[in-house]
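The primary structure of each chain is shown beneath.
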2 protein chains.
Amino acid sequence: MDINNFKYDEVGLNRFFGPLEAKIMELLWEQERSIKEVQQRLDQDKPINFNTVMTVMNRLVGKGVLKKRIQGRGSLFHPVQSKEDFIKDQSKKITENLLDGFGGVVINHMLDAMEEVDQTLLDKLEQKIKQLKEDKS
Amino acid sequence: MDINNFKYDEVGLNRFFGPLEAKIMELLWEQERSIKEVQQRLDQDKPINFNTVMTVMNRLVGKGVLKKRIQGRGSLFHPVQSKEDFIKDQSKKITENLLDGFGGVVINHMLDAMEEVDQTLLDKLEQKIKQLKEDKS
DNA sequence: ACAACACACTACAAATTGTAGTGTATTAAC
DNA sequence: GTTAATACACTACAATTTGTAGTGTGTTGT
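Residues numbered from 1 in each chain as written. Chains lettered and ligands numbered in written order. Predicted model: local features only at pLDDT ≥ 70, side-chain atom pairs only at ≥ 80, totals over all residues. Heavy atoms only, no water.

1. What to know about helix α5 (residues 104-117) of chain A
Thought 1: Taking 1.5 Å as the rise per residue, α5 of chain A with 14 residues should run 20 Å; its terminal C-alpha atoms sit 21 Å apart, in good agreement.
Thought 2: Where α5 of chain A is concerned, the buried positions are Val106, Ile107, His109, Met110, Leu111, Asp112, Ala113, Met114 and Glu115 of chain A.
Thought 3: If you follow the buried residues of α5 of chain A, they end up packed against α4 (83-102) and α6 (120-136) of chain A together with α4 (83-102), α5 (104-115) and α6 (119-136) of chain B. (Helix = DSSP H or I, 4+ residues; strand = E, 2+ residues; numbered from the N terminus. Expected span 1.5 Å × (residues − 1). Buried < 20%, exposed > 50% of the residue type's maximum accessible area, 1.4 Å probe, protein only. Contact = heavy atoms within 4.5 Å.)

Structure (structure tokens):
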């Protein structure tokens with residue numbers, strides 16, 4: 001899975017993908033689809049070439065986020081992970097990366113950010129730490 | 001400050017900058033320097049053109065991470081933030097972004113990642129949580 | 001046999017980053 | 001005071017990523 005870029009000025013899946021890639025992923029997380037089906041869906045919003053969609057979908061296969069399954073004449077595409085699992089995995093990677101890259105420097109600010117979003121998070125984290133300490137002893 | 005890309009397959013400052021940019025930032029976080037001084041430092045490791053260094057340094061000014069200060073004939077460059085502050089700010093942005101972009105989906109995995117850190121960080125976490133709770137009451 | 005379709009291969013454009021040439025203006029030296 | 005070195009602006013090109021799309025090929029269904 002070579003997705004390893006997080007654009008934190010973007011929104012939603014655009015943080016991990018280009019805009020067209022993101023739209024395609026979204027459609028395929030809904031359900032498995034052929035290139036044609038994806039192209040027709042996208043075309044409803046804005047005219048888009050079949051080959052354009054094909055190229056991008058194949059690139060996503062190359063990146064390891066989509067899989068191709070031959071079915072009769074054509075192929076069907078589906079993500080290798082659910083959307084939730086994808087986001088979870090990437091978030092974990094990013095968080096680990098921040099922590100073991102910059103350690104103590106960032107941890108306070110991560111907590112600040114957590115608190116701003118949801119106060120109950122601190123309790124959850126406290127519990128986890130308590131549990132961790134019990135496990136160790 | 002238009003740094004908004006986090007490459008989580010890279011190491012250190014390369015997560016935020018290109019490799020050459022990162023080396024230059026590192027040198028300027030040590031101390032304010034002229035283009036010539038930066039170029040000569042880098043040149044010790046590997047031959048590098050003066051204009052190359054100049055271009056990249058000016059681009060970093062354009063991105064808002066460096067400032068230029070005229071001094072006599074030439075200019076001296078320095079980061080607008082300390083290295084620590086830079087990393088803190090970016091980390092906070094990334095964390096907030098993850099949390100309010102993907103909400104509950106990522107929280108547990110962020111906590112998981114936090115659990116995996118070393119003991120001293122865990123202690124820091126506990127302290128920080130305690131402190132945050134006191135602030136509330 | 002032919003037309004429609006699925007797909008491979010190829011290519012180009014914008015943006016980002018590293019690279020570096022040429023030209024200009026100011027400073028320093030003789 | 002003319003020349004030479006220096007600092008810098010301007011410009012350009014290559015590789016990579018992402019969006020875009022043309023052409024060509026082989027299979028299918030009529």
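2. Observations regarding the side chain of Gln81 of chain A
Thought 1: In this fold, Gln81 of chain A is placed in the loop between β3 (74-79) and α4.
Thought 2: Given a relative accessible area of 17%, Gln81 of chain A falls into the buried group.

3. What to know about the packing of α5 of chain A against α6 of chain B
Thought 1: Running from N to C, α5 of chain A and α6 of chain B point in directions that differ by 35 degrees, and their axes come no closer than 10 Å. As α5 of chain A packs across α6 of chain B, the resulting crossing turns out to be right-handed. Contact residues: Gly104, Ile107, Asn108, Leu111, Asp112 and Glu115 of chain A in α5 of chain A; Leu121, Lys124, Leu125, Lys128, Ile129, Leu132 and Lys136 of chain B in α6 of chain B.
Thought 2: Here the residues of the contact of α5 of chain A with α6 of chain B sort into 6 nonpolar, 2 polar and 5 charged. (Axes fitted to C-alpha atoms, helices over the stretch in contact; angles between N-to-C directions. Left-handed = near helix turned anticlockwise from the far one by under 90°. Nonpolar A, V, L, I, M, F, W, Y, C, P; charged D, E, K, R; others polar.)

4. Looking at the domain arrangement of chain A
All names here are of chain A.
Thought 1: Domain parsing of chain A yields domain 1 (12-79) and domain 2 (83-136).
Thought 2: The C-alpha centroid of domain 2 is placed 33 Å from the C-alpha centroid of domain 1.
Thought 3: Summing both partners gives a buried area of about 490 Å² for domain 1 against domain 2, and 83% of it is carried by carbon and sulfur.
Thought 4: Its largest share of buried area at the contact with domain 2, domain 1 owes to Leu13, Phe16 and Trp29, together 78% of the area lost on that side.
Thought 5: Applying the counting criterion to the domain 1 and domain 2 interface returns 1 salt bridge.
Thought 6: One salt bridge connects Glu26 with Lys83, and the closest N-O pair in it is separated by 2.9 Å.
Thought 7: At the junction of domain 1 and domain 2, the tally comes to 1 residue pair in polar contact (both at pLDDT 80 or more).
Thought 8: Considering only residue class, the side of domain 1 that touches domain 2 consists of 5 nonpolar, no polar and 1 charged. (Domains from an automatic or database assignment. Buried area = accessible area lost by both parts, 1.4 Å probe. Salt bridge = Lys/Arg side-chain N within 4 Å of Asp/Glu carboxyl O. Polar contact = N/O pair within 3.5 Å; in protein donor to acceptor, adjacent residues only side chain to side chain.)

5. Topic: the pairing of β3 of chain A
All names here are of chain A.
Thought 1: Summarising the sheet, strand β2 (residues 66-71) and β3 pair through 6 bridges and their orientation is antiparallel. For Leu66, the partnering residue across the bridge sits in β3 and is Pro79.
Thought 2: Hairpin connection between β2 and β3: a loop of 2 residues separates the two successive antiparallel strands, and Gly72 in this loop has a positive phi of roughly 60 degrees. (Pairing = 2+ DSSP bridges.)

6. A few points about the protein's contact with DNA strand C
Thought 1: Looking at DNA strand C, there are 24 residues lining it, with Ser75 of chain A together with Gly18, Pro19, Arg59 and Lys63 of chain B nearest.
Thought 2: Counting only the atoms of DNA strand C within 4 Å of the protein, the fraction contributed by sugar and phosphate is 48%.
Thought 3: A distance of 3.4 Å is found between a phosphate oxygen of DNA strand C and a side-chain nitrogen or oxygen belonging to Asn58 of chain A.
Thought 4: Interatomic distance of 2.8 Å between a side-chain N/O atom of Arg59 of chain B and a base nitrogen of DNA strand C.
Thought 5: Of the residues that constitute the surface near DNA strand C, the class distribution is 7 nonpolar, 9 polar and 8 charged. (Near = heavy atom within 4 Å.)

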